Amino acid sequence: MQTNQGQLSNCDITTEQASDSGLKIKNFQSARLKGASYDITPSIIAMSSRTGMLETVYRESVYPFHHYIIVSAKDSILVVSNEFFDVPDYIAGHVVSRVSKVVDGFGHISTSIDPGWQGAMLIALSNPSNKPIKVRVGTSLYNEASENPLATVSFHYLATPAKLDGSSSYPGMRLDLLKKCCYNNRQGLRAWWQRCIHPSRRKFTDFFFAYCQVHHLDLNINGWDKFIKTFSGRPNNPAPPPDVIPNDAKEKKKYPWDYIVQESLWTRFLFFKKRHQQTLNIILITLFLMLIVLDIIPESIVSLLSNLINNGG
């Protein structure tokens, strides 16, 4: 019977990893292991709670194997971790925010990992600010330790092992919650409008669920490496046989990385504009007032604006 108690240190986590019946972290990287915790990294599977669609994944122009998503202001996303956890009956876990994410503007993360849990983590990340926030996702081709951690998980020994029935209603990564949040389950004009203005995101979302349906046998600790590498954003990964990959025949998109958008000057400008909209508005108003004071703007335009303001009042 397990006799250890208290929080697991990095030595305990390493020992558990080596044990046949101990705690297992698939896609484990020693660089993410801290003194008494482990950093969780995000995959490119990130669903917006506002639209019910996967976020657009952008490929950086300077570092072509770095990918990111943009979380809109006042939106929340559900992000699937790169890591898969197999937790024994004598251990429980707790997931909390990283300070760097809170400083970026995200809300606090707090969730638990029950004994017997087998699956990736589904992290709810909220952006309560008035500005969009960029989040690096996926895995880097050159240095996986350089990935941007999303949250931190700590583990604790239980005084008494939990009683488990050996079954789980939520295999893999809480796929049930992702399906519940999906745009397909939404009604109304707003949901219809979101489908119309985000065709690529809608197709990416459909691809993901179709892929999960075909490869549901990989949603376990033995097949997780194969599954998550397909959603790493790296096209050089070994791919499953083409005949079992959901295929968008019209656009010839067979793989997740086919839906990744190459970053451009225009996308960078739009992000900058959204991040600094209030400042830009102040600058434009100031310039306009200066032009009026310097008598550069024709008097007819000034009179027209004055009439519009007076009529509006």
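Here the structure is a predicted model, which means the values were calculated and not measured.

Another aspect to go through is the packing of aromatic side chains. All chains considered together, the criterion is met by 16 aromatic pairs. Measuring from ring centre to ring centre gives 5.4 Å for Tyr58 and Tyr68, while their planes differ by 20 degrees; the resulting arrangement is stacked. With a gap of 10 residues between them, Tyr58 in strand S5 (residues 58-59) and Tyr68 in strand S6 (residues 67-71) connect regions that are remote in the sequence. Tyr68 matches Tyr58 in its accessibility class, with the two residues each being buried. Both rings, one in Phe208 and one in Phe231, keep their centres 5.7 Å apart while their planes meet at 85 degrees; by these two values the pair is edge-to-face. Residue Phe208 is found in helix H5 (residues 199-214), and its partner Phe231 is found in the loop between helix H6 (224-230) and strand S13 (261-262); the two are separated by 23 residues along the sequence. Of the two residues, Phe208 and Phe231, both sit in the buried class. The rings of Phe84, Phe204, Phe207, Phe208, Phe209, Tyr211, Trp224, Phe227, Phe231 and Tyr259 are connected pair by pair, giving a single aromatic cluster. Above the face of the Tyr68 ring, Lys134 is positioned so that its terminal group lies 4.5 Å from the ring centre.

What follows covers the side chain of Asn27. With respect to the element layout, Asn27 can be found in the loop between strand S2 (24-26) and strand S3 (38-40). Residues within four places of Asn27 in sequence aside, it is in contact with Arg32, Tyr38, Asn82, Glu83 and Asp225.

The rules behind each value
Residues numbered from 1 in each chain as written. Predicted model: local features only at pLDDT ≥ 70, side-chain atom pairs only at ≥ 80, totals over all residues. Heavy atoms only, no water. Phe/Tyr/Trp six-rings, centres within 6.5 Å; stacked < 30°, edge-to-face > 60°. Helix = DSSP H or I, 4+ residues; strand = E, 2+ residues; numbered from the N terminus. Buried < 20%, exposed > 50% of the residue type's maximum accessible area, 1.4 Å probe, protein only. Lys NZ or Arg CZ within 6 Å of the ring centre and 35° of its normal. Contact = heavy atoms within 4.5 Å.

By themselves, these figures tell us nothing about what the structure is for.
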